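Chain by chain, the residues:
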Amino acid sequence: MFIKRVGRMIEKNRDDIFGILLRKSPSFILNDRAYEPLGIPSFVFHAVTRESLGPMLHFLAENDYQSITADEYFERQMRGEKGRERVVLLTFDDGDRSLYTVAYPLLKHFGFKAVAYIIPGMTPEGGHSGDTRIWGKSFCNWEEIKEMHESGLIDIQSHSMY
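Residues numbered from 1 in each chain as written. Predicted model: local features only at pLDDT ≥ 70, side-chain atom pairs only at ≥ 80, totals over all residues. Heavy atoms only, no water.

A few words now on the packing of helix α3 (residues 50-62) against helix α5 (residues 98-110). Taken N-terminus to C-terminus, the directions of α3 and α5 make an angle of 20°; their axes are 10 Å apart at the nearest point. Considering the angle they form, α3 stands roughly parallel to α5. Like other packed secondary-structure pairs, α3 and α5 cross with a definite hand, here right-handed. On α5, the residues that touch R50, L53, G54, L57, H58 and A61 of α3 are V102, A103, L106, L107 and F110. Taken together, the residues that form the contact of α3 with α5 break down as eight nonpolar, two polar and one charged. (Axes fitted to C-alpha atoms, helices over the stretch in contact; angles between N-to-C directions. Helix = DSSP H or I, 4+ residues; strand = E, 2+ residues; numbered from the N terminus. Parallel < 35°, antiparallel > 145°, perpendicular 65-115°, else oblique. Left-handed = near helix turned anticlockwise from the far one by under 90°. Contact = heavy atoms within 4.5 Å. Nonpolar A, V, L, I, M, F, W, Y, C, P; charged D, E, K, R; others polar.)

Here is the structure:
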């Protein structure tokens with residue numbers, strides 16, 4: 001019975017266990033505090049799924065982490081803060097459609113902020129982003145980007161023009 005319980009626990013937490021064993025998790029995950037040399041931990045995402053992003057945001061929320069915008073990050077760096085608080089920087093590259101359909105609702109749900117680096121030259125003018133595919137990818141359109149920016153949850157920055 002004990003062995004079955006341990007087996008179910010391992011299977012349920014398989015991804016987390018492999019992340020720890022293979023050292024793919026940031027060191028602050030296993031510690032109660034971030035070390036000074038770390039600074040503010042940054043997470044970089046491209047296309048995301050609810051299954052990949054949801055558990056991570058849940059973990060951060062359950063452990064009293066806060067997220068910051070690019071301006072807040074810059075201000076903290078200028079003041080020489082070294083990550084003594086439970087603060088992270090969540091970034092999303094390219095403006096992939098999942099930023100609007102997956103990340104934005106999850107950020108709202110957990111009350112986190114993020115920085116999105118979009119590619120203006122690849123951003124559709126309007127309409128349905130899901131129908132606009134460039135290089136096999138679907139990007140957020142300007143209306144969606146405006147909505148996310150106006151929410152105050154997503155700080156929009158330029159990645160590059162193309």
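Resuming the write-up.
The element strand β3 (residues 87-94) is largely enclosed, with a buried count of eight among its eight residues. Across four bridges, strand β1 (residues 42-45) lies against β3 in parallel orientation. Opposite S42, over in β3, you have L89 as the bridge partner. In this sheet, β3 lies alongside strand β2 (residues 66-67) in parallel orientation, the contact comprising two bridges. Residue Q66 lies in a different strand from β3, and its bridge partner there is V87. Strand direction decides the pairing type here: β3 and strand β4 (residues 114-118), joined by four bridges, are parallel. Paired with D94 across the two strands is I118, which belongs to β4. Considered for its hand, the β-α-β crossover made up of β3, α5 and β4 is right-handed. (Buried < 20%, exposed > 50% of the residue type's maximum accessible area, 1.4 Å probe, protein only. Pairing = 2+ DSSP bridges. Right-handed = clockwise from strand over helix to strand, strands pointing away.)

For the coordinates displayed, the defined rule picks out three salt bridges. Between K113 and E72 there is a salt bridge, with the nearest N and O atoms lying 2.8 Å from each other. With a gap of 41 residues between them, K113 in the loop between α5 and β4 and E72 in helix α4 (residues 70-78) connect regions that are remote in the sequence. Across the salt bridge formed by K146 and E150, the nearest N and O atoms sit 3.9 Å from each other. Residue K146 and its partner E150 are located together in helix α6 (residues 142-150), separated by four residues, close to a single helical turn. You can call E150 exposed: its relative accessible area is 56%. (Salt bridge = Lys/Arg side-chain N within 4 Å of Asp/Glu carboxyl O.)

Further remarks concern the side chain of T91. Mapped onto the secondary structure, T91 falls in strand β3. Once you skip the residues sitting within four places of it in the chain, T91 turns out to touch F43, V44, F45, V115 and Y117.

It is worth spelling out the packing of aromatic side chains at this point. Applying the stated criterion across every chain yields a total of three aromatic pairs. Measuring from centroid to centroid gives 5.0 Å for F45 and F92, while their planes differ by 25°, and the two rings are stacked. Taken together, the residues span a long stretch of sequence, with F45 in strand β1 and F92 in strand β3 at a distance of 47 residues. Classification of F45 as buried rests on a relative accessible area of 14%. Of the residues examined, F92 reaches a relative accessible area of 2% and is grouped as buried. (Phe/Tyr/Trp six-rings, centres within 6.5 Å; stacked < 30°, edge-to-face > 60°.)

Attention now moves to α5. Compared with the 18 Å implied by 1.5 Å per residue over 13 residues, the 17 Å span of α5 between its first and last C-alpha is a close match. The largest bend in α5 amounts to roughly 30° and is located at Y104, with the proline P105 lying one to four residues further along. Here α5 has its buried residues at S98, L99, V102, A103, Y104, L106 and L107. In this fold, the buried residues of α5 make contact with α3, β3, β4, α6 and β7 (154-158). Positive phi shows up at G111, right after α5, with a value of about 75°. (Expected span 1.5 Å × (residues − 1). Bend = angle between axes of the 7 residues up to and from the residue.)

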